[in-house]
Amino acid sequence: MKKITFLLASMGVLACTVAVTALAFGGGPKLNTIFETKATSKSFTFDADHGSDQFESTPGPQDVNVTTGVSDPIHTTVAPEFMGPLTFGGERFVEAHPMSNHCGYFLQIGINNLTHFEIYMGVENDAGTVDMYSVELRDQYQSAVKEWGNTPFELDGDGNGTAHLVWDKGGTDGTVVEVCVYLYSMDDSDEANLYVSSLSLSWDC
């Protein structure tokens, strides 16, 4: 009887040892779930269908916590500077007309660990003046990880021009936590239209 009891106890210790070893070397998915938290990739696009319904077409600045459906809200500031009322929706995310000789509007988007950025934007009915854009992807110290600075739109014969910018995080890039887009007009007519068709973000967190 003592031999049987000792044998059973020894088998119990052995089974426990095997179980612990299995957990330590990947055999226990539940334990790994507790100790390993991996970043997941998420994406959202500001366009005529997503994001534009959360802003108001007003002449003043607005701070909006944009609901994405895939993450916590994305804090976004949109502000005109001597520009006509910003119009959201329709065929594009946002557009506006000049109201003075020097005017524009900017978008400031807080995002953690940006991995992909893409924007389609442009101008319509440019009267032969200078309409430009400036885009910066910034880290926590407000330093530019990537920038496209003070770039004029390339116009066709009808005064229309577009720009398509794309950025993917590389191995040596810093962590982007903020996106800043600025469109501005100099000495243009009120028929000109500066717009952002869509702005796409992907991030890991």
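Everything numeric in this text was worked out from a predicted model, so none of it was measured.

1. Things to note about the packing of aromatic side chains
Using the criterion set out here, one finds eight aromatic pairs in the structure. Taken together, the ring pairs connect Phe44, Phe46, Phe55, Phe88 and Phe93 into an aromatic cluster. Geometry around Tyr195 places Arg92 over its ring, the cationic atom sitting 3.7 Å from the centre.

2. Some remarks on the pattern of salt bridges
With the rule as written, the count across this model stands at four salt bridges. For the salt bridge of Glu95 with Arg92, the shortest nitrogen-to-oxygen distance reads 3.3 Å. Per residue, the accessibility class of Glu95 equals that of Arg92, and both read buried. Salt bridges sharing common partners tie together Arg92, Glu95 and Glu124.

3. Looking at the environment of Lys169
Positionally, Lys169 belongs in the loop between β10 (161-168) and β11 (178-186). Not counting chain neighbours up to four residues away, the residues in contact with Lys169 comprise Asn113, Leu114, Thr115, Gly174 and Thr175. Reaching out from Lys169, the side chain makes a polar contact with the side chain of Asn113 at a distance of 2.9 Å.

Rules behind the numbers
- Residues numbered from 1 in each chain as written.
- Predicted model: local features only at pLDDT ≥ 70, side-chain atom pairs only at ≥ 80, totals over all residues.
- Heavy atoms only, no water.
- Phe/Tyr/Trp six-rings, centres within 6.5 Å; stacked < 30°, edge-to-face > 60°.
- Lys NZ or Arg CZ within 6 Å of the ring centre and 35° of its normal.
- Salt bridge = Lys/Arg side-chain N within 4 Å of Asp/Glu carboxyl O.
- Buried < 20%, exposed > 50% of the residue type's maximum accessible area, 1.4 Å probe, protein only.
- Helix = DSSP H or I, 4+ residues; strand = E, 2+ residues; numbered from the N terminus.
- Contact = heavy atoms within 4.5 Å.
- Polar contact = N/O pair within 3.5 Å; in protein donor to acceptor, adjacent residues only side chain to side chain.

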